[in-house]
Protein chains: 2
Amino acid sequence: MSTDHDRVSAGRPQGRRPGASSSRQTILDAARSRFARDGYAGSTIRKIADDAAVDASLVMQFFGTKEQLFAAVMSITPGALARMAEAFDGPTDTLGERVTRAYLGVWEGDPRDSEPLLAMLRAAISNEQASAQVREFVQERLLDARGSRLNNDTDMTLRAGIAASMLVGVIVGRRIVQVPALVNEDLEALIARIAPGIHAILTAQPELRQR
Amino acid sequence: MSTDHDRVSAGRPQGRRPGASSSRQTILDAARSRFARDGYAGSTIRKIADDAAVDASLVMQFFGTKEQLFAAVMSITPGALARMAEAFDGPTDTLGERVTRAYLGVWEGDPRDSEPLLAMLRAAISNEQASAQVREFVQERLLDARGSRLNNDTDMTLRAGIAASMLVGVIVGRRIVQVPALVNEDLEALIARIAPGIHAILTAQPELRQR
DNA sequence: GGCTTATCTCAACAAGTGTTGAGTTATGCC
DNA sequence: GGCATAACTCAACACTTGTTGAGATAAGCC
């Protein structure tokens, strides 16, 4: 029954080794930029393949499907998320500035951090997978990962959710919609203007005045 | 050369009158909801036509092109915009609450106001026309339309641009991404939490502290 | 050299897109 | 009634999309 050489000699691999080429990483980089610029629906496999100087079907062969390629692009930002979450820890009187600086800083820094986040934002509009990811990003990772020791839990969760949404709004205005007033300002000036607002959200008593 | 009856008797119309049917408005309503729910790219002429119980080519005949249909959907919210802009006028000590209430109120009220704005937001991601419209919305209409008499002009423009972006961010979190903490809270509670932050943005001195 | 496996290209499919043109039905004026 | 015009439907177009299968080339082990 068995030929003179068994097909695979007990675990030892044979033939060409996977990962020898750099194409996979090139495709991933191209996809990251495309998704960030054109969103999920606007990015096509063919365009991504062209950017990577590669045939479209190679993209499929590596990543299986467009959604899986997108998922691969999304899952490369644990560091940036941690930096934003950590900003909540520390002295209360500089809380607003720390959080504001951490958020805007990530979005202005290394494209390998900001592009997946931009892609996530753009895609959240048309793609349920991305929408869920933004939801989790704003809600859970920023709070549940740390013990949230500032106030009682549900109140601080709400405050942080609002603050995060607001900062994401600023990013949308600056990076996606490109509101002139936000684009023209440099980062430090923007932080100086925004920090008091975020500080108030995170620390102030809610206004009970009834209109 | 001329027959016994001239083709058109000098301006007086003849034959069936335009606008007799209600289909045009039905199509417009369907398009408004679709664009708000699925964005520009995600909404197809055929789906909109189906919602309106009408053939797809009738949509084209009425509105010419998909972009023009989208433009028609966008151009029906002057009242809502005015309400948001007017909130900037009034006593300074309740400024944050007024602006916050006006913004969130429009987005929670009549779908004929909120749906085009949601559609505008969703489309701003993939459609340059909509992106320009959001830009103008955040930047100009909220300020240039009124004389902006609170502070010196460019400073107040920046403050209002930031505040508007932040409030749009809250809308995105509540209506699009649907962050649980924002969705579960009722409108008044949300306003009470957000107003102090917006107030600080619009009135506070920028933090000059240098980290 | 052979053999096995991975990387990569080519051509094509099936489905869905916006859009078009011809034809049909309904409405209103003479 | 007849006639002009609008409202509306049907079928098809040209194109793009994600995805697939077969085949060619290259790399690593015997």
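A brief look at the structure comes next. (Residues numbered from 1 in each chain as written. Chains lettered and ligands numbered in written order. Predicted model: local features only at pLDDT ≥ 70, side-chain atom pairs only at ≥ 80, totals over all residues. Heavy atoms only, no water.)

## Quick word on the layout of surface pockets
Then comes step 1: Computed from the structure, the largest pocket encloses a volume of approximately 320 Å³.
Then comes step 2: Around the largest pocket, the lining is made up of 18 residues, and of these Ala36(A), Arg37(A), Arg122(A), Arg175(A) and Gln178(A) lie nearest the centre.
Then comes step 3: Looking at the lining of the largest pocket, the elements with two or more residues in it are helix H1 (23-42), helix H7 (111-123) and helix H9 (153-176) of chain A together with helix H8 (128-141) of chain B.
Then comes step 4: Here the lining of the largest pocket is composed, by residue class, of 5 nonpolar, 6 polar and 7 charged. (1 Å grid on protein atoms, 1.4 Å probe; cavity = no way out; pocket = protein on both sides within 12 Å on 5 of 7 lines; lining within 4 Å. Points joined across faces, edges and corners; volume = space filled by probe spheres on them. Helix = DSSP H or I, 4+ residues; strand = E, 2+ residues; numbered from the N terminus. Nonpolar A, V, L, I, M, F, W, Y, C, P; charged D, E, K, R; others polar.)

## A closer look at the packing of helix H11 (residues 187-203) of chain A against helix H11 (residues 187-203) of chain B
Then comes step 1: At their nearest, the axes of H11(A) and H11(B) sit 7 Å apart, and the two run at 160 degrees to each other. One way to sum up the angle between H11(A) and H11(B) is to call them roughly antiparallel. Handedness of the crossing formed by H11(A) with H11(B): right-handed. Here H11(A) contributes Arg193(A), Ile194(A), Pro196(A), Gly197(A), Ala200(A) and Ile201(A) to the contact with H11(B), which in turn contributes Arg193(B), Ile194(B), Pro196(B), Gly197(B), Ala200(B) and Ile201(B).
Then comes step 2: Classifying every residue of the contact of H11(A) with H11(B) by side-chain character gives 8 nonpolar, 2 polar and 2 charged. (Axes fitted to C-alpha atoms, helices over the stretch in contact; angles between N-to-C directions. Parallel < 35°, antiparallel > 145°, perpendicular 65-115°, else oblique. Left-handed = near helix turned anticlockwise from the far one by under 90°. Contact = heavy atoms within 4.5 Å.)

## With respect to the relation of the copies chain B and chain A
Then comes step 1: Its rotation angle being 180 degrees, the transformation that places chain B on chain A also includes 0.0 Å of axial translation and leaves an RMSD of 0.1 Å. One copy is carried onto the other by what is essentially a two-fold rotation axis.
Then comes step 2: Of the residues that chain B buries at the interface, 100% are likewise interface residues in chain A, meaning the two copies contact each other through the same surface. (Least-squares fit on C-alpha atoms with pLDDT ≥ 70 in both.)

## Observations regarding the protein's contact with DNA strand C
Then comes step 1: In the neighbourhood of DNA strand C, 28 residues make up the surrounding shell, with Ser21(A), Ser23(A), Ser57(A), Thr44(B) and Thr65(B) lying closest.
Then comes step 2: What you see for DNA strand C is that sugar and phosphate hold 54% of its atoms within 4 Å of the protein.
Then comes step 3: Residue Asp55(A) places a main-chain N or O atom 2.8 Å away from a phosphate oxygen belonging to DNA strand C.
Then comes step 4: Between DNA strand C and Ser57(A), the relevant distance is 2.6 Å, taken from a base nitrogen to a side-chain nitrogen or oxygen of the residue.
Then comes step 5: Listing elements by their share of the surface near DNA strand C, those giving two or more residues are helix H3 (56-63) of chain A together with helix H2 (45-51) and helix H3 (56-63) of chain B.
Then comes step 6: With 4 residues, H3(A) is the largest single contributor of residues to the surface near DNA strand C.
Then comes step 7: Taken together, the residues of the surface near DNA strand C break down into 7 nonpolar, 13 polar and 8 charged. (Near = heavy atom within 4 Å. Polar contact = N/O pair within 3.5 Å; in protein donor to acceptor, adjacent residues only side chain to side chain.)

## Comments concerning the environment of Phe35(A)
Residue and element names in this part refer to chain A.
Then comes step 1: Topologically, Phe35 is positioned in helix H1.
Then comes step 2: Along the primary structure Phe35 and Leu117 are separated by 82 residues, whereas in three dimensions their C-alpha atoms are 9.9 Å apart.
Then comes step 3: Among all residues touching Phe35, those that are not within four sequence positions of it are Tyr40, Ser43, Ile48, Lys66, Leu69, Phe70, Val73, Ala119 and Arg122.

## Quick word on the packing of aromatic side chains
All names here are of chain A.
Then comes step 1: Inspection of every chain in the model, using the stated rule, returns 8 aromatic pairs over all chains.
Then comes step 2: A ring pair is formed by Phe62 and Phe63, whose centres lie 6.4 Å apart and whose planes are at 65 degrees; its orientation type is edge-to-face.
Then comes step 3: Note on Phe63: relative accessible area 7%, which makes it buried.
Then comes step 4: Put simply, the rings of Phe35, Tyr40 and Phe70 touch in pairs and so form one group of aromatic residues.
Then comes step 5: Geometry around Tyr40 places Lys66 over its ring, the cationic atom sitting 4.4 Å from the centre. (Phe/Tyr/Trp six-rings, centres within 6.5 Å; stacked < 30°, edge-to-face > 60°. Buried < 20%, exposed > 50% of the residue type's maximum accessible area, 1.4 Å probe, protein only. Lys NZ or Arg CZ within 6 Å of the ring centre and 35° of its normal.)

## So, the environment of Arg175(B)
Residue and element names in this part refer to chain B.
Then comes step 1: You can see Arg175 is positioned in helix H9 (residues 153-176).
Then comes step 2: Of the residues examined, Arg175 reaches a relative accessible area of 30% and is grouped as partly exposed.
Then comes step 3: The spacing of Arg175 and Leu118 is 57 residues in sequence and 8.2 Å in space, taken between C-alpha atoms.
Then comes step 4: With residues near it in sequence (within four places) discarded, Arg175 still touches Trp107, Glu108 and Leu118.
Then comes step 5: Side-chain polar atoms of Arg175 contact the backbone oxygen of Trp107, separated by 2.6 Å.

## Thoughts on empty space enclosed by the protein
Then comes step 1: This structure, assessed with the given rule, holds 4 cavities of 30 Å³ or more.
Then comes step 2: If you go around the second largest cavity, the residues you meet are Leu121(A), Arg122(A), Ile125(A), Val172(A), Ile176(A), Leu121(B), Arg122(B), Ile125(B), Val172(B) and Ile176(B).
Then comes step 3: If you list the elements that add at least two residues to the lining of the second largest cavity, you get H7 and H9 of chain A together with helix H7 (111-123) and H9 of chain B.
Then comes step 4: Partitioning the lining of the second largest cavity into residue classes produces 8 nonpolar, no polar and 2 charged.

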